[in-house]
Amino acid sequence: MRLAFITSNPGKVEEAKRYFEPLGVEVYQLHMSYPEIQADTLEEVAEYGARWLAGRIDGPFFLDDSGLFVEALKGFPGVYSAYVYKTLGYWGILKLLEGESNRKAYFKSVIAYWDGELHIFRGKVDGKITEEPRGSGGFGFDPVFIPEGFDRTFAEMTTEEKNAISHRGRALKAFATWLKENLK
Ligand code: ITT
Ligand code: NA
């Protein structure tokens, strides 16, 4: 089976592939833009996108909508993470947190899988925002995020290490486990 991952982000595809190879499912990147609505939750954004794409793509596909939620910023950038990353980058987050001692944050991923019906899988990881960026792996906000129980940023980890604990890794694991049960 071939499974399209609708995303503009090759880093996400890199993380996803490893979960499906063992199932004999080939995940490939399909860069197709879809409307990312302004909504309060990642779930709404993911679901709207998947339903919009459903009429336009043959075969099963999935997409992932993720966000970084910073406690001291009342959850910002959250659903605006992609926009904030493009405009301010992770430096913008460090700047907003200057002098702030509460560095708590979490990442959340919502995967929407369409196979004629919609299936939603979620993952979350708690952690904190660094004072300075560190590491060159991963993508996005990885250089400024340290997951709970670690002293390295996601950007200082291998893909395997990040996957084992990350928001996306957890959502992908739930998805791959479900798919294994439901593949005919
Ligand atoms: P899509 O085409 O799949 O939407 P995107 O990069 O725009 O790709 P999102 O809207 O889901 O993805 O992501 C929101 C932002 O959060 C975006 O700037 C990402 O780089 C960042 N982000 C998402 N997952 C991340 C992760 O695992 N580590 C670091 N940053 C992440
Ligand atoms: Na996006």
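Residues numbered from 1 in each chain as written. Chains lettered and ligands numbered in written order. Predicted model: local features only at pLDDT ≥ 70, side-chain atom pairs only at ≥ 80, totals over all residues. Heavy atoms only, no water.

K.L.:
So what exactly am I meant to see when it comes to the coordination of the sodium ion (ligand 2) here?
P.N.:
Each pair of donors in an ideal octahedron of six around a metal sits at 90 or 180 degrees, and each pair in an ideal tetrahedron of four sits at 109.5 degrees. Within the protein, Glu36 (OE) and Glu36 (OE) serve as the donor atoms for the sodium ion (ligand 2), at 2.5 to 2.9 Å. By secondary structure assignment, the location of glutamate 36 is in the loop between β2 (26-30) and α2 (42-54). (Donors = N, O, S within 2.8 Å, 3.2 Å for Na, K, Ca; no water. Helix = DSSP H or I, 4+ residues; strand = E, 2+ residues; numbered from the N terminus.)

K.L.:
Honestly, the UniProt feature "active site" (unreviewed entry) in the protein in this entry has me stumped. Any pointers?
P.N.:
The feature "active site" (unreviewed entry), as annotated in UniProt, sits at Asp65 in this numbering. If you trace the backbone, aspartate 65 turns up in strand β3 (residues 61-70). Contact partners of aspartate 65, with chain neighbours within four places excluded, come to Glu36, Leu42, Val45, Ala46, Lys108, Ser109 and Val110. (UniProt positions renumbered as here; feature names shortened; annotations may be inferred. Contact = heavy atoms within 4.5 Å.)

K.L.:
What should I look at first to understand the environment of asparagine 102 in this one?
P.N.:
The topology assignment puts asparagine 102 in the loop between α4 (89-96) and β4 (104-114). Relative accessible area serves as the criterion here: at 23%, asparagine 102 is assigned to the partly exposed category. Asparagine 102 sits 70 residues away from leucine 172 along the chain, and the two C-alpha atoms are 29 Å apart. Once residues lying within four places of it in the same chain are set aside, the contact partners of asparagine 102 are Glu71, Ala72 and Leu97. Looking at asparagine 102, its side chain comes within polar contact range of the main-chain nitrogen of lysine 104, at 3.0 Å. (Buried < 20%, exposed > 50% of the residue type's maximum accessible area, 1.4 Å probe, protein only. Polar contact = N/O pair within 3.5 Å; in protein donor to acceptor, adjacent residues only side chain to side chain.)

K.L.:
Whenever I open this one, the side chain of glutamate 43 confuses me. Can you help?
P.N.:
Considering the arrangement of structural elements, one finds glutamate 43 in helix α2. When sequence neighbours within four positions are dropped, the list of residues in contact with glutamate 43 reads Lys108, Val110 and Arg122.

K.L.:
Quick question: what am I supposed to make of the environment of alanine 176 here?
P.N.:
Here alanine 176 lies in helix α6 (residues 167-182). For the pair formed by alanine 176 and phenylalanine 121, sequence separation is 55 residues and the distance between their alpha carbons is 9.8 Å. Aside from chain neighbours lying at most four places away, what touches alanine 176 is Tyr19, Phe20 and Leu23.

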